[in-house]
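# Summary of the model geometry
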Amino acid sequence: MRPASVALGIAALLPIAAPSIAGPGIGAIVAVAARAGTSTADFYAARKQRPLWIARDGRSAAGEQLIAHLKNADADGLKSRTYRTANLERALRAARDGDPRAVAAADRMLSDAFVAYARDMRRLPSVPMIWVDASLRPISPAPATLLRQAASAPSLGGYIADLGWMHPFYAGIRRAIASGQGRTKAERALLRLNLDRARVLPSTGKFVVVNAADARLTMYEGARAVDSMKVVVGKPVHPTPMMAANIRFTSFNPYWNVPSDLAAERIAPNVVKLGLPYLKEKGYQVLSGWDDSAKVINPATVDWASVVSGKREIRLRQLPGPANSMGNMKFMFPNAQGIYLHDTPQKELLGEASRMFSGGCVRLEDAPRFARWLYGKPLRVPSSKPELKVDLPRPVPVYLTYITARPDGGTLTYLPDVYGRDAQALRDPKKNSLFAGR
């Protein structure tokens, strides 16, 4: 193809109105492409205008991979026509002759399409997530940030194929949707529901994911899972919420402040049955209230039958020690729901296939190992002082989620809807972002 015809071909492909260009020169076309965004222009300036997508021979395996994803953007809950894939294909064909100006224009178009697609995928869905720390809400990264991350990948084609800017859960579920998995309408809707839950999970930095659906905690560094362990999560009557927060400190030798409903359900019946010695044996104290000035009171003054029946609420606190339900440490991300991760003396529960026994908090299989990863070194209990606080040098995000279609290698593992969240969400699809625009 001659340079003049390249110029005319590229002008027809630009997403910006081509008639505004004075004449068919390729220099003018590239100038228009550069105006697509300052941040993108800065990215190319830092590379001395070296192409990202197109090789010296004019071919682009990564660009073709990107176009294939864009054509199938409906799998992401997006509209594929938004990305003008026919224009991108024509631009790539025009660049195959190796003309530097045609290559530059096509490369910019691919970058702009990638940025638009990646940012659209991070759009916040309407999943019922509690955002304790607003800074953890998904954001649309700057174009230059997205392009630098792509450029630094060991393989750009692999980065695009694996959706490296998204969490691996998202990539696995999206792959299943794109390949037509889900035999029924209900199964397809379930996949899309899980896709939206995975959409809010990050792919960069150091973070923790607790999947209540399979009672497992995974530690991530970037998109790579570096360690994992079993956990105990909330019973169906006390479900672990979907929540995102920053772990800020560890509390050693913790008290357990027993929620009022659990005091009535678990502890008061034992006091009625076994008498006050039960409280001493297990290390429980009765306090006068829930404020900081509360005093320890004589448990003999409590009508325990009234506590069992729900006529009276009390505050119970369990002292630090071997029997304490918090174990030796708890990992705090302060929130109004009173949820945290903690050690446990009841290791036998971790051997159960279904590990849903708690009041909503998350009990860890190996709290010292988790602490070692969090802090980057072994942590030992500094003293016997109760509630001894050790701050994290830098907060680490934790995401409590509910993935019931979990990617497992190249397949999906479907988990029971133990909390009924899938059923509730799918009963009213209009309130779910996964059905938006469909």
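These numbers were taken from a predicted model, which means no experiment stands behind them.

On to the packing of aromatic side chains. Following the criterion strictly, the structure yields twelve aromatic pairs and no others. Ring centres of Y83 and Y117 lie 5.7 Å apart, and the angle between their planes is 80 degrees; on these two criteria the pair is classed as edge-to-face. Residue Y83 is located in the loop between α4 (61–71) and α5 (85–95), and its partner Y117 is located in helix α6 (residues 100–121); the two are separated by 34 residues in the primary sequence. Residues Y83 and Y117 agree in their burial class; the two are buried. Pairing Y117 with W165 gives two aromatic rings, centres 6.2 Å apart and planes at 70 degrees, and the pair type is edge-to-face. With a gap of 48 residues between them, Y117 in helix α6 and W165 in the loop between α8 (156–161) and α9 (168–178) connect regions that are remote in the sequence. On the basis of relative accessible area, Y117 is assigned to the buried category, the value being 0%. Aromatic rings pair up to connect W53, Y83, F114, Y117, Y159 and W165 into one cluster. Lying over the aromatic face of W373, K206 brings its terminal NZ or CZ to 4.6 Å of the ring centre. Between K389 and the ring centre of F249, over which it is positioned, the NZ or CZ distance is 4.5 Å.

Before going further, it helps to spend a moment on the packing of α5 against α6. Where α5 meets α6, the axes come as close as 8 Å, and the angle between the chain directions of the two elements is 150 degrees. The angle between α5 and α6 places the two elements in the roughly antiparallel class. Handedness of the crossing formed by α5 with α6: left-handed. Packed against α5, whose contacting residues are N87, L88, A91, L92, A94 and A95, the element α6 presents A102, V103, A106, M109, L110 and A113 at the interface.

The next point concerns the pairing of strand β10 (residues 329–332). Burial of β10 is two-sided: the residues M329 and F331 facing one way and the residues K330 and M332 facing the other way are all buried. With four bridges joining them, strand β5 (residues 243–252) and β10 adopt antiparallel strand pairing. Counterpart to T250 in the pairing with β10 is F331. Both β10 and strand β11 (residues 341–342) contribute to a ladder of two bridges, which runs antiparallel. In the strand pairing of β11, F331 is matched with L341.

The next point concerns the pattern of salt bridges. This structure, assessed with the given rule, holds 16 salt bridges. A salt bridge links R199 to D196, with the shortest nitrogen-to-oxygen separation between them at 3.1 Å. With a gap of three residues between them, R199 and D196 both fall in helix α10 (residues 185–199), about one helical turn apart. Using a relative accessible area of 6% as the deciding quantity, one classes R199 as buried. When its relative accessible area of 4% is taken as the criterion, D196 is described as buried.

Analysis parameters
Residues numbered from 1 in each chain as written. Predicted model: local features only at pLDDT ≥ 70, side-chain atom pairs only at ≥ 80, totals over all residues. Heavy atoms only, no water. Phe/Tyr/Trp six-rings, centres within 6.5 Å; stacked < 30°, edge-to-face > 60°. Helix = DSSP H or I, 4+ residues; strand = E, 2+ residues; numbered from the N terminus. Buried < 20%, exposed > 50% of the residue type's maximum accessible area, 1.4 Å probe, protein only. Lys NZ or Arg CZ within 6 Å of the ring centre and 35° of its normal. Axes fitted to C-alpha atoms, helices over the stretch in contact; angles between N-to-C directions. Parallel < 35°, antiparallel > 145°, perpendicular 65-115°, else oblique. Left-handed = near helix turned anticlockwise from the far one by under 90°. Contact = heavy atoms within 4.5 Å. Pairing = 2+ DSSP bridges. Salt bridge = Lys/Arg side-chain N within 4 Å of Asp/Glu carboxyl O.

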